[in-house]
Amino acid sequence: MNRTKSAAQLPLNTIVRGDCIDAMGQLPEASVDLIFADPPYNLQLKNTLHRPEGSQVDAVDDAWDQFSSFKAYDDFTRAWLQAARRVLKPDGAIWVIGSYHNIFRVGAALQDEGFWILNDVVWRKTNPMPNFRGKRLTNAHETMIWAGRDQASKYTFNYDALKAMNDGVQMRSDWTMPICSGHEREKDADGNKAHPTQKPHSLLHRVLVGTTNPGDVVLDPFFGSGTTGAVAKMLGRDFIGIERDEAYIAVAERRLSRVRKYDRSALDVTQSKRAEPRVPFGQLIERGLLRPGEMLVNARGQTAKVRADGTLVADRLTGSIHQVGAALDGAPSCNGWTYWSFVKEGQKVPIDILRQQIRAEMR
């Protein structure tokens, strides 16, 4: 496939009007890096809900959330997932958010359609709507499923960026955030909330920082009030929104017009060392950055001689830079790149400097 031609055909940073299944059918195959989907939940609301003092709760009773049966909902789910999988790149991924009403049915459909589930994430709401009738537990969370297009997909995961965002602790699969309210809530011309299920900015920020890179194309087939597009634009990602409701489109367009991108330097995130190009120690010898017979030294002044094949010899020890370092310290393992130095003009220089020099050339 001609990637340049494919990218040129994409309606980047626009809202496509119409049905999501039809609209995705018009997009080039394998052209999207990530999909964030907030589909109808099929809440099956039968009666009007009131607060204890008698006021009516503004629940989701829109036509787009109403299906005649579970089968009708399942058919719809499979149809849009098939369309979504077609437009995802081989190494693309999808996020789908839902509640107990639909997420288990969506999860089964994802697996049936060939997606590979990576995580389910529980979004625990700090300020959930109370259970006014007192007949069930307060519904205080929603579930997101993160899945690769295929089992073999080399999906984007900025592990170190999420860890940095979480004060140096691994990001867990339970995320505690408030629901969208107050100044963040988009309003219509009458001052009422413009969309009943607007997702918070913080939720999409974490998803996009963690699983996309600047310049990636993010598709939201249920665009609504445009949270995905607003966060994508701010973070330097391209977006495609699909929405059929003109009132929601008007809200999203006004919202997007207010968004300013971060400057390019602010979009860089902490990268995992595992993402860096691999450089074998032997490559330093091949390149002449170190010579066979040259001596390396550790922090305690112990030395080892470099051999032509990239191994070291120290007394009766031979092996890699990692093996010899571990043996000298009596340790189970050792990072030889930070353990060993070479001497230049009387100063110890870590051999990792030479590795970084080669990596810079590879980039």
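Everything in this summary refers to the structure shown in the same document.

Conventions we followed
Residues numbered from 1 in each chain as written. Predicted model: local features only at pLDDT ≥ 70, side-chain atom pairs only at ≥ 80, totals over all residues. Heavy atoms only, no water. Buried < 20%, exposed > 50% of the residue type's maximum accessible area, 1.4 Å probe, protein only. Helix = DSSP H or I, 4+ residues; strand = E, 2+ residues; numbered from the N terminus. Pairing = 2+ DSSP bridges. Contact = heavy atoms within 4.5 Å. Polar contact = N/O pair within 3.5 Å; in protein donor to acceptor, adjacent residues only side chain to side chain. Salt bridge = Lys/Arg side-chain N within 4 Å of Asp/Glu carboxyl O.

## Considering the pairing of strand E2 (residues 32-37)
- Within E2, 6 of the 6 residues are buried, leaving the element largely enclosed by the surrounding structure.
- Note that E2 and strand E3 (residues 88-98) share 5 bridges and pair parallel. What sits directly across from Val32, in E3, is Leu88.
- Bridging between E2 and strand E7 (residues 217-220) involves 2 bridges; their strand directions are parallel. Of the residues in E7, the one forming a bridge with Ile35 is Leu219.

## So, helix H6 (residues 201-211)
- Counting buried positions along H6 yields 8 of 11 residues, so the element is predominantly enclosed.
- Along H6, the residues that are buried comprise Leu203, Leu204, Arg206, Val207, Leu208, Val209, Gly210 and Thr211.

## With respect to the environment of Ser153
- Mapping Ser153 onto the fold places it in the loop between strand E5 (141-148) and helix H5 (159-165).
- Exposure remark for Ser153: the relative accessible area of 7% places this residue in the buried category.
- Taking the C-alpha atoms as reference points, Ser153 and Asp91, separated by 62 residues in sequence, lie 4.3 Å from one another.
- Ignoring sequence-local partners within four residues, the contact set of Ser153 consists of Pro90, Asp91, Gly92 and Gly148.
- A polar contact of 2.7 Å, which involves the side chain of Ser153, links it to the backbone oxygen of Pro90.

## What to know about the pattern of salt bridges
- Within this structure, the stated rule accounts for 17 salt bridges.
- A salt bridge links Asp329 to Arg300; the nearest nitrogen and oxygen atoms lie 2.6 Å apart. Of this pair, Asp329 sits in helix H10 (residues 321-329) while Arg300 sits in the loop between strand E9 (295-297) and strand E10 (303-306), and the two are 29 residues apart along the sequence.
- By relative accessible area, Asp329 is classed as partly exposed at 38%.
- Shared partners join several salt bridges into a network, and the residues in it are Arg17, Glu246 and Glu253.

Everything listed here is a matter of geometry and, on its own, says nothing about what the molecule does.
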